[in-house]
Amino acid sequence: MILSGRGVTAVLGPTNTGKTHYAIERMVAHETGIIGLPLRLLAREVYTRLVEKVGQHNVALVTGEEKITPAMARFSVCTVEAMPRETRASFVAIDEVQLAGDLERGHIFTDRVLHLRGRDETLLLGAATMKPILEQLLPGIHVIERPRLSQLFYSGSKKITRLPQRTAIVAFSADEVYAIAELIRRQRGGAAVVLGALSPRTRNAQVALYQEGDVEYLVATDAIGMGLNLDVDHVAFAQDRKFDGYQFRNLNPAELAQIAGRAGRHMRDGTFGVTGRVDPFDDELVQRIETHHFDPVRVLQWRTTRFDYASLQSLRQSLDAPPPIGGLTRALPAVDQQALEHLSRYPDIRELATTPERVEKLWEACALPDYRRIAPAQHADLISTLYADLVRRGTVNEDFMADQVRRADRTDGEIDTLSARIAQIRTWTYVSNRPGWLADPTHWQEKTREIEDRLSDALHERLTKRFVDRRTSVLMKRLRENAMLEAEISVNGDVFVEGHHVGQLAGFRFTLVSGTEGPDAKAVQAAAQKALALEFEARAARLHAAGNADLALGSDGTVRWLGDPVARLSASDHVMRPRVILLSDEQLTGNARDHVAARVERFVNHHIATVLKPLDDLSRAEDLQGLAKGLAFQLVENLGVLFRRDVADDVKALDQDARASMRKHGIRFGAYHIFMPALLKPAPAELITLLWALKNDGLDKPGYGDLIPVLAAGRTSVVTDPAFERAFYKLAGFRFLGKRAVRIDILERLADLIRPLLQWKPGTPRPDGAYDGRRFMATTAMLSILGATPDDMEEILKGLGYRADSVKAEEAAAFLAAQAPAAAEAGSEAPAETPAETSDEHDADASEGEAEAPAAAAEQVPVAEAAEAAEPVAEPAEAAADAAADGEPAEAKPVLLWRPGSRHDNQRQGHRHGGERQGDRQGQGERRGGERNRGQQAGERGERREGGRGGRPDQKGRDGKPQGGNRPDRGERNERGGKPQQAKFEARPPRKEKPIDPDSPFAKLAALKEQMKK
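All of the points below concern the structure found in this document. Bear in mind the structure is a predicted one, so any value in this text is a computation, not a measurement. (Residues numbered from 1 in each chain as written. Predicted model: local features only at pLDDT ≥ 70, side-chain atom pairs only at ≥ 80, totals over all residues. Heavy atoms only, no water.)

Remarks on unusual backbone geometry
Right, on to step 1. At H292, a residue that is not glycine, the phi angle is positive and equals roughly 60°.
Right, on to step 2. Secondary-structure assignment places H292 in the loop between α8 (283-291) and β17 (300-302).
Right, on to step 3. One non-glycine residue with positive phi stands out, namely R373, at about 55°.
Right, on to step 4. When you line up the elements, R373 lands in the loop between α12 (356-366) and α13 (376-392).
Right, on to step 5. R373 gets classed as exposed once you look at its relative accessible area, which sits at 69%. (Helix = DSSP H or I, 4+ residues; strand = E, 2+ residues; numbered from the N terminus. Buried < 20%, exposed > 50% of the residue type's maximum accessible area, 1.4 Å probe, protein only.)

In structure tokens, the structure reads:
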């Protein structure tokens, strides 16, 4: 075998040397020509370029799956497998001739390189590594070496998310390609995908997606290394090992350079590097890639073209023929030869392949490509079916083919499903293009082409939907073009830029939709903000003119305008004047921002002044002077509630005019609190709690806002939660009393019920619950207003500083029975003294409270409902009688007689029950919010020191009633180092009465009383 290289020119060099462009220019200079390319995708690209030069009617496209053959075509573009073995064309070119060393397809390239010639000119295009072997096999060949038009540089290792734009990321498995593309979509907006398994139409669409700038990244296999003209600046290897059809192996330097050479176009330099888990390239490898110095190709893959069709055995033996000359090596069995080996073992095939014509037809059928990448035995089964039809019927059974085509004609499913259907339909596209295989090939060519195109489009759509964020890609493209972006905002605040939903505008803050991350997110946000500049101005104007009904203040301190947050409140020096912080982007500036800030501040001040009007009016009151003004200031600072014991001295020093002026502002002087009943409602309580939380950093403290629903439900008392911040009870209008908290106004009503029981004089008609004038019993009325059980009542009374004496029910019943005759006799002689006739200051305050009671009473639980929850408390005598009537042998429960406590009680109990004393102290009152840490009983004592009507120091208490007057009682004098303490209920010598002021209203009441007696 003697070969000649005369008339053959080899144009060799690395990528980006313009070899393919040179071949196209040479071919159109001839009358006729044919060019062979390694990929159907590349053939399509060259076909398009030729059509642009010489017209569609002059160019034919021939591949295994597609034929476009105009009648007068002068030029043919083919895949190397579709090139004829002989031609009369004037020009022949074969691209990527280095593939003659490929284990799978190399023998086909070798055959065309050695035997196919143009009449006038033959060009072999490929890598410089082919020069020695071509000169050896084709003596006389003319070799032209072309340098690369641009430089290629190594840039090291980078994370995938930090790769520059216009990067091609290379991997060698579909799973890896998809995983990388998914990561790029989440981080950088999207990527195009190019796989060898994709149909040419899908690959073209994906490449166009990248080339047109819709995405900035391309994730591909080594399919991009075969002459695809891509606008790539950087190539990153995410893998450096691949399966070559026989084994997994590392790519050699020449293969790496072939792929890396896609970076850089024409005179623009390119870079390459590694990413992911690939180790950085060593210096030697980098140098060889950058300088394009690789080991030469030493042998080409070869397989005979002289087939012996005498029999199956003869054909198989001819395929095993050794190469006739040096520089060639026998190729490993390809797909067609593997199929022949399987079919030769099928009895029915051996029965059919009995003549040279049938053996040749069998070998032709074995050339069917394995697009489905299935096992050789399965592929051989399909070929067996087709071959049997060709031999027995003369053509493939069209019913069988129609059934197979129909199964593939579905566009539903995901990427893998569509890829499998495309592989299936490509098989039948190939069958329809084989001459003589079908009775109506034109019909099936059109039908299979239509289905393949439809499936390819569906696959492209799925790939784009999965791996490309269309919103981001379109915006990126428009930004690169410096185009003016069009934006619109829906009524619910959705922002659309160029028709794509990019985010949500709430108030004056723009938020990108989820999934937009990385550097592209900044660009999208910048585009949206640029387009939204006018909208911010318009919204600011609308808010400035908005009414108060359009604004609302939430319990979290957020101010909302038509539902959108526009500001939040923060603490300031004055608790009633919080600071307003706008919630807006930087684009809200200048006058627009000033107008928004002024309007929100005006609303907040108006809202506080309206909801807390009594407190706001008090803070501005000009009719209060001296101590009254100071007390009002403290009341405002404490948001409407003061514990009376904390300001006992100030209250005691107030004269009647000062008290009256304060009462005009809605202030009530209760037994336990100085408070404003109008604020004990849900709306004021909620705002008060918010203002306190802002001042004391309490928005995140446990219990914030949890007590307002309790107040709104009309509950008069509630079980306390130890985890809650204790101040929240006071802010919501409740007094914390250990295990239970009671509404402040209800406690004052309780004081009104207890007061006459401690003022009762034995011998007069006994009110319900009175015992001996020094102690009292809990009554149903008390339980009703508190909505509490007897056990709860114990906790509440202990918390208020009362102490209980336990008496047997029989003794209590006997004592009350003994009191009854005397009370009846006294009742017949004189009317009972009413609370209004007493001289205690509490009665004056209580009577004042009665005038204010309707508002508070409207909020309490109905008596019937409260009575259901509370056990009725029976009188001891009645309880004993009932027990006797029922014949119950059980001993009756002891009766608790309550009396005001003293420090002496605590000291005495402390010696016996230290743990109890501590518990009582906790139950007696709060130790937060500025309360004095000296025990509840001391506070009550301070209240008792407030004395008689009008603050007169000479009034006396009676029967255990807390003493009035300006000086301490005997127990207090003992605490301060005075005389020894006297028993609480011991009779005392009367103090000297001071002359009564004739102008005092109490003197007039006393005179009226004397007249009534007469």
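Let's talk about the sheet that holds strand β10 (residues 167-170)
Right, on to step 1. Strands sit in the order β9-β16-β13-β10-β12-β11 across an open sheet of 6 strands; the sheet is parallel. Edge positions in the sheet fall to β9 (152-157) and β11 (192-194), since each has one partner strand and no second. Here the average twist between neighbouring strands, direction ignored, is 20°.
Right, on to step 2. Judged from the 4 bridges that link them, β10 and strand β12 (residues 217-220) form a sheet pairing that is parallel. Counterpart to V170 in the pairing with β12 is A220.
Right, on to step 3. Packed on one face of the sheet, helix α7 (residues 253-260) meets β9, β10, β13 (234-237) and β16 (270-274) and runs near 140° to β13. (Pairing = 2+ DSSP bridges. Axes fitted to C-alpha atoms, helices over the stretch in contact; angles between N-to-C directions. Contact = heavy atoms within 4.5 Å.)

Quick notes on the packing of aromatic side chains
Note on aromatic pairs: each is described by the distance of the centres and the angle between the planes.
Right, on to step 1. This model, assessed by the stated rule, comprises 17 aromatic pairs.
Right, on to step 2. Considering the side-chain rings of F508 and W561, the 6.3 Å spacing of their centres and the 10° angle between planes classify their relative orientation as stacked. You can see F508 sitting in the loop between β21 (500-506) and β22 (509-512) and its partner W561 sitting in strand β24 (residues 558-561), a full 53 residues away along the chain. Each member of the pair F508 and W561 is classed as buried.
Right, on to step 3. Centre to centre, the rings of F724 and Y729 are 6.4 Å apart; their planes meet at 35°, and the pair counts as tilted.
Right, on to step 4. Counting every residue linked through ring pairs, the aromatic cluster contains Y154, F237, F272 and F281.
Right, on to step 5. Cation over ring: R166 sits above Y210, and NZ or CZ is 3.9 Å from the ring centre.
Right, on to step 6. The ring of F669 has R659 sitting right over it, with the charged end atom 5.4 Å from the ring centre. (Phe/Tyr/Trp six-rings, centres within 6.5 Å; stacked < 30°, edge-to-face > 60°. Lys NZ or Arg CZ within 6 Å of the ring centre and 35° of its normal.)

Thoughts on the pattern of salt bridges
Right, on to step 1. Under the definition given, this model contains 47 salt bridges.
Right, on to step 2. With a shortest N-O distance of 2.9 Å, R85 and D111 are connected by a salt bridge. Within this pair, whereas R85 is found in the loop between β5 (75-79) and β6 (91-94), its partner D111 is found in helix α3 (residues 106-115), the two being separated by 26 residues in sequence.
Right, on to step 3. For D111, a relative accessible area of 7% puts it in the buried group.
Right, on to step 4. The residue K131 makes a salt bridge to E145 at a minimum N-O spacing of 3.0 Å. Of this pair, K131 sits in helix α4 (residues 131-137) while E145 sits in strand β8 (residues 142-145), and the two are 14 residues apart along the sequence.
Right, on to step 5. Judged by relative accessible area, which is 27%, K131 ranks as partly exposed.
Right, on to step 6. One connected set of salt bridges, linked through shared partners, spans R40, R44, E66, R449 and E452. (Salt bridge = Lys/Arg side-chain N within 4 Å of Asp/Glu carboxyl O.)

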